[in-house]
Amino acid sequence: QVQLVESGGGLVQSGGSLRLSCAVSRSIFNHYNLGWYRQAPGKQRELVANFRGMYKEYADSVKGRFTISGDQGKFTVDLQMDNLKPEDTAVYYCNSHPTPALPWGQGTQVTVSA
């Protein structure tokens, strides 16, 4: 069964940092372009960052603050989030990109207090 397991969320003050991690299978890591999405309360899910090999792309709202990376040894996709803002508060998910074609995982909650 396809599984995407997100972890690393939590409560942090504005300006703080968190590192999210998404564990996937070897086949998923090697077959799909992967990315991080987020969904804030009352809002649609949006793409935050994605990567394909060395190419990385970010939403304007997180550019310069978030860094996406993939670990070929651990088959994880990480999202380093620095200088967090209250508007970054959301549930964060990983999935394939450009189309989120895999079953969604449970996500990981990120809450940023002012």
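Whatever comes next refers back to the structure up there.
Residues numbered from 1 in each chain as written. Predicted model: local features only at pLDDT ≥ 70, side-chain atom pairs only at ≥ 80, totals over all residues. Heavy atoms only, no water.

**With respect to the environment of Ala114**
(1) Moving on: Turning to its location among the elements, Ala114 is positioned in the segment after strand S10 (108–113).
(2) Moving on: Separated by 30 residues in sequence, Ala114 and Leu84 place their C-alpha atoms 9.8 Å apart.
(3) Moving on: Each residue touching Ala114, except ones within four places of it in the same chain, is listed here: Ser14 and Pro86. (Helix = DSSP H or I, 4+ residues; strand = E, 2+ residues; numbered from the N terminus. Contact = heavy atoms within 4.5 Å.)

**Things to note about the pairing of S10**
(1) Moving on: Judged by which residues are buried, S10 turns out to be one-sided: Thr108, Val110 and Val112 face inward and are buried, whereas Gln109, Thr111 and Ser113, on the alternate face, are not.
(2) Moving on: As defined by bridge partners, strand S2 (residues 10–13) adjoins S10 across 4 bridges and the pair is classed as parallel. Paired with Gln13 across the bridge in S10 is Ser113.
(3) Moving on: Note that strand S9 (residues 90–96) and S10 share 3 bridges and pair antiparallel. For Val91, the partnering residue across the bridge sits in S10 and is Gln109. (Buried < 20%, exposed > 50% of the residue type's maximum accessible area, 1.4 Å probe, protein only. Pairing = 2+ DSSP bridges.)

**A word on the sheet that holds strand S5 (residues 46–52)**
(1) Moving on: If you trace the 6 strands from one edge of the open sheet to the other, you get S2-S10-S9-S4-S5-S6, paired in mixed fashion. Sheet topology places S2 and strand S6 (55–58) at the edges, where each strand pairs with a single neighbour. Within the sheet, the average angular offset between the axes of one strand and its neighbour, ignoring direction, is 20°. (Axes fitted to C-alpha atoms, helices over the stretch in contact; angles between N-to-C directions.)

**Some thoughts on the state of the cysteines**
(1) Moving on: Applying the stated criterion across every chain, the model contains 1 disulfide.
(2) Moving on: Disulfide pairing is shown between Cys22 and Cys94; the S-S distance is 1.7 Å. Of this pair, Cys22 sits in strand S3 (residues 18–23) while Cys94 sits in strand S9; the two residues are 72 residues apart in sequence, bridging distant segments of the chain.
(3) Moving on: Taking relative accessible area as the criterion, Cys22 reaches 0% and is therefore assigned buried.
(4) Moving on: Among the residues examined, Cys94 registers a relative accessible area of 3% and is labelled buried. (Disulfide = S-S within 2.5 Å.)

**Topic: the nonpolar core**
(1) Moving on: Counting 29 residues, the largest nonpolar core has Trp36, Leu79, Met81 and Tyr92 as its most contacted members.
(2) Moving on: Counting only elements with at least two residues in this core, the list comes to S3, helix H1 (26–31), strand S4 (34–39), S5, strand S7 (66–71), strand S8 (76–81), S9 and S10.
(3) Moving on: Beyond its immediate sequence surroundings of up to four residues, Tyr92 is in contact with Glu6, Leu20, Trp36, Tyr37, Arg38, Val48, Phe66, Leu79, Met81, Gly107, Thr108 and Val110. (Core = buried A, V, L, I, M, F, W, Y, C linked by side-chain atoms within 4.5 Å.)

**Things to note about the side chain of Thr108**
(1) Moving on: Structurally, the position occupied by Thr108 is in strand S10.
(2) Moving on: You can call Thr108 buried: its relative accessible area is 8%.
(3) Moving on: Engagement of the side chain of Thr108 in a polar contact is seen with the backbone nitrogen of Gly9, the distance being 2.9 Å.
(4) Moving on: What Thr108 contacts, discounting residues up to four positions off in sequence, is Glu6, Ser7, Gly8, Gly9, Leu20, Ala90, Val91 and Tyr92. (Polar contact = N/O pair within 3.5 Å; in protein donor to acceptor, adjacent residues only side chain to side chain.)

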